[in-house]
Amino acid sequence: MSLQKTIKKSVDVEGQGLFGGERCALRFSPGEPNSGIVFVRSDLPENVRIPADIANVALKPRRTALMNGSAGVETVEHVLSAAWGLDLDNLVIEVSAAETPSTDGSPMPFVDALLQAGIVEQEIPQKVYVIEEAVTVTEGDAMLVAMPGPVDCLDILYDLDYANVPCIGRQVLGFRLGKDDYLQRIAPSRTFLLESETTQFQAQGMGQHLTTHDLLVMGPDGPVDNQLRFPDEHVRHKVADLIGDLALLGRHLRGRIVAYKSGHELNHNLVRKLVESIATGGRTRGTATEPLMDIRSVMRTLPHRYPFLMVDRVLELQGDQRAVGIKNVSINEPYFQGHYPGQPIMPGVMQLEAMAQLAGILIGRKLEHTGKLGFLLSIDRVKLRRLVYPGDQLILEAETIHVRSRTAHCRCRALVGTDVAAEAEIKFMLMDAEPS
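Computed from a prediction, not measured in an experiment: that's the story for all the values here. (Residues numbered from 1 in each chain as written. Predicted model: local features only at pLDDT ≥ 70, side-chain atom pairs only at ≥ 80, totals over all residues. Heavy atoms only, no water.)

Visitor: Explain the sheet that holds strand β17 (residues 216-219) here, please?
Guide: Whether parallel or antiparallel, the strands of a sheet pair through hydrogen bonds between backbone atoms. Read from one edge to the other, the open sheet built from three strands follows the order β16-β17-β18, with strand pairing classed as mixed. The strands lining the two open edges of the sheet, one partner per strand, are β16 (192-194) and β18 (222-223). Pairing analysis gives three bridges linking β16 to β17, with the strands arranged parallel. Bridge pairing in β17 links Phe192 to Leu216. (Pairing = 2+ DSSP bridges. Helix = DSSP H or I, 4+ residues; strand = E, 2+ residues; numbered from the N terminus.)

Rendered as structure tokens:
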């Protein structure tokens, strides 16, 4: 069982954005266990946190961009690829602009910085998703498939077909993430662009600061004013991008990925399909998944009763670190009588209550033998992103950030399908249970 990892100290990378050209100072800092990878816009009046999560992806051509409200960060794929390639789980990444620094167009400068900071294990198992059923996404003749395979690594086979561009041609690469040397084989590979595309690229106001020394531009006979680092550098970079986009799942994949002419948009669609698979019963392995809790088990754990019991079933428990449950939203819920007649919508506060109850089940496992109970103390970073209607099923997720002697802190989400309906960080005060 692999443990989660972060870095030992903060480290900086600076450079201009690839598309916009704005100068950006990026700082990697250690992240708390189970916090994942989070970007922070430090240049805004209030530091805005933007988790590296598929739910936050914004549609942008030729790159991966994340949004939280009106704040965003673009071209994150090389940064995420570096983190995932080094098997890191938890990072805080502060950026001083809306686009990460491009550096040399590869993940390598970010890898160098993270290695300079040093890598340290944390005392919590990694979140790992083992692919057990094939998932396929297509777009035109491009295809991306996740399928069962090895359970100790992610076996990637990428088929890059530029048959109509002789200087690139068809390149096929196999790479095992978690086994093969990411540092040597993938990280140095750079973004490339066809010479015929550069005029259109810059006419759209993008990359006007770049020269052929800054970007790998492929002319009819090969690189223009540049040299390849590998004969098949193009397919290696496609694998680097794919690894960065797969990091948006928030879980290390185990199995096999087969890609044909895939790009960012198709990569994102696959991650969304994998999220849906997890939400509907796909297996996630960290600590061993324990038996599910039906409503009778839930009622033995929570003191809540009708009409205030908001967890119908627990689908997944990973020790005292993570829980997944469901709340079936029925038209029979009493609050629908007044919220609103003729247009029933589940109140946001009830979604928060459902998340808090699942978090209570989770921290209760830590407190089982302490004689303490968790009482709601505060709810922070609340975002209500989607209306919830009768007939919807809320997938509830809770993860512990920390449990201490007097307080507990959890990160929670509620989803309908793959759409995030609500999210929040919930704190509990731990108090002695009243004698029965």
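Okay, back to it.
Visitor: Any chance you could explain empty space enclosed by the protein here in plain terms?
Guide: To find leftover empty space, one rolls a probe the size of a water molecule over the atoms. The tally for this structure, following the rule as stated, stands at two cavities of 30 Å³ or more. Approximately 40 Å³ is the volume found for the second largest cavity. Leu18, Thr75, His78, Thr100, Pro101, Ser102 and Phe110 are the residues that line the second largest cavity. (1 Å grid on protein atoms, 1.4 Å probe; cavity = no way out; pocket = protein on both sides within 12 Å on 5 of 7 lines; lining within 4 Å. Points joined across faces, edges and corners; volume = space filled by probe spheres on them.)

Visitor: It is not clear to me how the packing of aromatic side chains should be interpreted in this structure. Could you clarify?
Guide: Two aromatic rings are characterised by how far apart their centres lie and by the angle between their planes. Within this structure, the stated rule accounts for three aromatic pairs. Between Tyr162 and Phe192 the ring centres are 5.9 Å apart and the planes differ by 65 degrees, which places this aromatic pair in the edge-to-face class. Here Tyr162, found in strand β14 (residues 154-162), pairs with Phe192, found in strand β16; they are 30 residues apart in sequence, far enough to count as distant. Its relative accessible area of 21% is what places Tyr162 among the partly exposed residues. (Phe/Tyr/Trp six-rings, centres within 6.5 Å; stacked < 30°, edge-to-face > 60°. Buried < 20%, exposed > 50% of the residue type's maximum accessible area, 1.4 Å probe, protein only.)

Visitor: In this structure, what is going on with the nonpolar core? I would like to understand it.
Guide: Within soluble globular proteins, side chains that are nonpolar tend to cluster in buried spots. Among the nonpolar cores identified, the biggest contains 74 residues, and Phe28, Phe39 and Ile257 are the most heavily contacted of them. Apart from the residues within four sequence positions on either side, Phe28 is in contact with Ile7, Lys9, Ser10, Val11, Val13, Val79, Leu91, Val92, Ile93, Phe110, Ala113 and Leu114. Among the nonpolar cores identified, the runner-up in size contains 39 residues, and Ala323, Ala421, Ile426 and Phe428 belong to it. (Core = buried A, V, L, I, M, F, W, Y, C linked by side-chain atoms within 4.5 Å. Contact = heavy atoms within 4.5 Å.)

Visitor: Just to check I follow, could you spell out the packing of helix α1 (residues 77-85) against helix α5 (residues 233-246) for this structure?
Guide: Think of two packed helices as two axes; the pair is described by the angle between the axes and how far apart they sit. Between α1 and α5, whose axes approach to 7 Å, the crossing angle comes to 80 degrees. Here α1 lies roughly perpendicular to α5, going by the angle between them. The residues of α5 that touch α1, namely those facing Glu77, His78, Leu80, Ser81, Trp84 and Gly85, are His237, Ala240, Asp241, Ile243, Gly244 and Asp245. Tallied by class, residues from the contact of α1 with α5 come to four nonpolar, five polar and three charged. (Axes fitted to C-alpha atoms, helices over the stretch in contact; angles between N-to-C directions. Parallel < 35°, antiparallel > 145°, perpendicular 65-115°, else oblique. Nonpolar A, V, L, I, M, F, W, Y, C, P; charged D, E, K, R; others polar.)

Visitor: Help me understand the pattern of salt bridges, please; the structure alone is not making it clear to me.
Guide: Side-chain pairs of opposite charge can arise whenever the charged atoms involved come near each other. Taken as a whole, this structure holds 27 salt bridges when the rule is applied. Measuring nitrogen to oxygen at the nearest pair gives 3.0 Å for the salt bridge that ties Arg229 to Asp104. Highlighted residues: Arg229 in the loop between β18 and α5 and Asp104 in the loop between β9 (91-95) and α2 (108-117), separated in sequence by 125 residues. Where Arg190 meets Glu233, a salt bridge forms, and the shortest distance between an N and an O atom there is 2.7 Å. Here Arg190 is found in the loop between α3 (182-185) and β16, whereas its partner Glu233 is found in helix α5, with 43 residues between them in sequence. Both residues of the pair, Arg190 and Glu233, count as buried. Each of Asp53, Lys127, Glu316, Arg322, Glu397, Glu399 and Arg413 takes part in one network of salt bridges that share partners. (Salt bridge = Lys/Arg side-chain N within 4 Å of Asp/Glu carboxyl O.)

Visitor: Just to check I follow, could you spell out the sheet that holds strand β3 (residues 23-30) for this structure?
Guide: Sheet architecture is open: five strands sit in the order β2-β3-β9-β4-β5, paired in mixed fashion. Both edges of this open sheet fall to β2 (11-16) and β5 (48-51), since each of them pairs with a single strand only. Here the strands of the sheet are splayed against their neighbours by 25 degrees on average, with no regard to which way each runs. The sheet contact formed by strand β4 (residues 37-41) and β9 spans five bridges and is parallel. Across the sheet, Val40 pairs through a bridge with Glu94, a residue of β9. The strands that α1 touches are β3, β4 and β9; relative to β4, the one it contacts most, it runs at about 145 degrees. Along the sheet, α2 contacts β2, β3 and β9; its crossing angle with β2, the most-contacted strand, is approximately 165 degrees.

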